[in-house]
Amino acid sequence: MRLVLDAMGGDHAPDAVVEGGVLFARAYPGHELVLVGDATRVRPVLERAGAPANVQLHHASEVVEMDDPATAAFRRKRDSSLRVGFALVRQGEASALVSAGNSGAVMAGGMLTLGRIPGVERPAIAALFPALKGGGRCLLLDAGANVDCRASHLAQFAVLGEAYLRTLLGVKRPRVAVLSNGEEPSKGTQLTRDASALLRRSDLDFVGYVEGKDLFSGDVEVVVTDGFTGNIVLKTSEGVGMGITGLLRQAIEKRGGLPEKLGALLLKPTLAGLRRVMDYAEYGGAPLLGLQGVGIVAHGRSSPRAIHNALVTALQHVRAGVQEELTRCIANAASWLPPHARGRKAETEEVPD
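Report follows, based on the coordinates. Just so it is clear, the structure is predicted and the values come from calculations on it, not from any experiment.

### Quick look at the environment of Gly 9
Line of reasoning, step 1. Relative to the elements of secondary structure, Gly 9 occurs in the loop between β1 (2-6) and α1 (15-27).
Line of reasoning, step 2. Judged by its relative accessible area of 3%, Gly 9 falls in the buried class.
Line of reasoning, step 3. Taking the C-alpha atoms as reference points, Gly 9 and Val 36, 27 residues apart in sequence, are found 9.8 Å from one another.

### A short note on the sheet that holds strand β10 (residues 222-224)
Line of reasoning, step 1. Taken together, five strands build an open sheet; the order of strands is β6-β7-β10-β8-β9 and the sheet is mixed. Whereas interior strands pair on both sides, the edge strands pair on one side only; in this sheet they are β6 (127-130) and β9 (205-210). Each strand axis lies, on average, 25° off the axis of its neighbour in the sheet, ignoring direction.
Line of reasoning, step 2. Looking at chain direction, strand β7 (residues 137-141) and β10 are connected through three bridges and run parallel. Residue pairing across strands places Leu 141 opposite Val 224, the latter belonging to β10.

### Section: the nonpolar core
One broad rule of soluble globular proteins: the nonpolar side chains tend to lie buried together.
Line of reasoning, step 1. Counting 38 residues, the largest nonpolar core has Val 4, Val 36, Leu 82, Phe 86, Val 223 and Leu 288 as the members making the most contacts within it.
Line of reasoning, step 2. Sorting the residues of this core by element identifies β2 (32-37), α3 (70-76), α4 (81-90), α5 (103-114), β6, β7, β8 (175-179) and β11 (285-289) as the ones contributing at least two each.
Line of reasoning, step 3. Residues contacting Val 223, with those up to four places away along its chain left out, are Cys 138, Leu 139, Leu 140, Leu 141, Ala 177, Leu 179, Val 210 and Leu 215.
Line of reasoning, step 4. Residues Ala 151, Val 222, Val 322 and Ala 333 belong to the second largest nonpolar core, which totals 35 residues.

### With respect to a nonpolar patch on the surface
Line of reasoning, step 1. A surface patch of nonpolar side chains, about 290 Å² in accessible area, is lined by Val 147, Phe 228 and Ile 232.
Line of reasoning, step 2. Tracing the chain through its elements places Ile 232 in helix α8 (residues 227-255).

### Here we look at the pattern of salt bridges
Line of reasoning, step 1. Under the counting rule described, the total for this entry stands at twelve salt bridges.
Line of reasoning, step 2. A salt bridge links Arg 166 to Glu 162, with the nearest nitrogen and oxygen atoms 3.0 Å apart. Placement of the pair is Arg 166 and Glu 162 together in helix α6 (residues 151-169), with a separation of four residues, close to one helical turn.
Line of reasoning, step 3. Connected through shared salt-bridge partners, Glu 162, Arg 166, Glu 325 and Arg 328 make up one network.

Conventions we followed
Residues numbered from 1 in each chain as written. Predicted model: local features only at pLDDT ≥ 70, side-chain atom pairs only at ≥ 80, totals over all residues. Heavy atoms only, no water. Helix = DSSP H or I, 4+ residues; strand = E, 2+ residues; numbered from the N terminus. Buried < 20%, exposed > 50% of the residue type's maximum accessible area, 1.4 Å probe, protein only. Pairing = 2+ DSSP bridges. Axes fitted to C-alpha atoms, helices over the stretch in contact; angles between N-to-C directions. Core = buried A, V, L, I, M, F, W, Y, C linked by side-chain atoms within 4.5 Å. Contact = heavy atoms within 4.5 Å. Patch = residues over 30% accessible without salt bridge, like charges linked within 9 Å, V, L, I, M, F, W, Y side chains within 5 Å. Areas by Shrake-Rupley, 256 points an atom, 1.4 Å probe, with all protein chains shown as cover. Salt bridge = Lys/Arg side-chain N within 4 Å of Asp/Glu carboxyl O.

From the geometry alone we can't say anything about function, so treat these as descriptive.
So, in structure tokens, the structure goes:
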């Protein structure tokens, strides 16, 4: 299998990105990795990292910057690493693309270059959260791709998320919920109420509303919301993980006694395990579900380990046949989705910036 890595995407590109790609290539010598980016900047990093033979460099002279207007920059910068990388996937020269760059541009590029699965109005970023019960996972979508959503979007997110968990993680019948400000049906907004009404007509295991705390409870496996809310939830959760570690360190340093230091030493392995569970680098990247191809969005601050794990996610996605299952499930959902959401064509003017 051949994967594409956007070598110029992310806050620490190309160094951290290239180093992460080399880590992956060494761990998976049976697969090829194509690094797309400015050869004058990427090649020295490759040489320092000692890239193995299964790493290739594909030159692209332009970069979509993190603060660029997403769609406009993707269209204007025709030789950007992101655009060239997506073209390789579209042409069948690679099976998936991973980028830690401008997430809006990754979204726009995927829609404009690969298109959407028939019946999908908007692809969604799917983010995994750790669950307290049984070491499970909860999938939140959309985690930031679509700020404004319709009820049909949320319903489609539910179908995509449920199929993804079943296919990739082996969850037999994922429980699906809508994120709201309370569990009672009277709560929420018109969007959440309309989405719930749609999902009650589906054959999914729909449990109704859940609150933010339920993402970690283990009582539900798929939670859908609009991208504005989802991204706030995602970033807040990252901050909580860092805050817990920092507060514990401050408390230990403030007291500074032998018992506290001894306790900290004994707790070190446990805290390290907690940090791994909460650390975005462990999950690497979030898939853009709904594209006619595989696109993985990695964190802008990705370390080499995070890039490595994002590439592993892409590899697993392709191996498991996730795309085929997503397509099948969206087609089957046509029996209960509203007519305007069925088989809608990808219109470039609908691509969000």
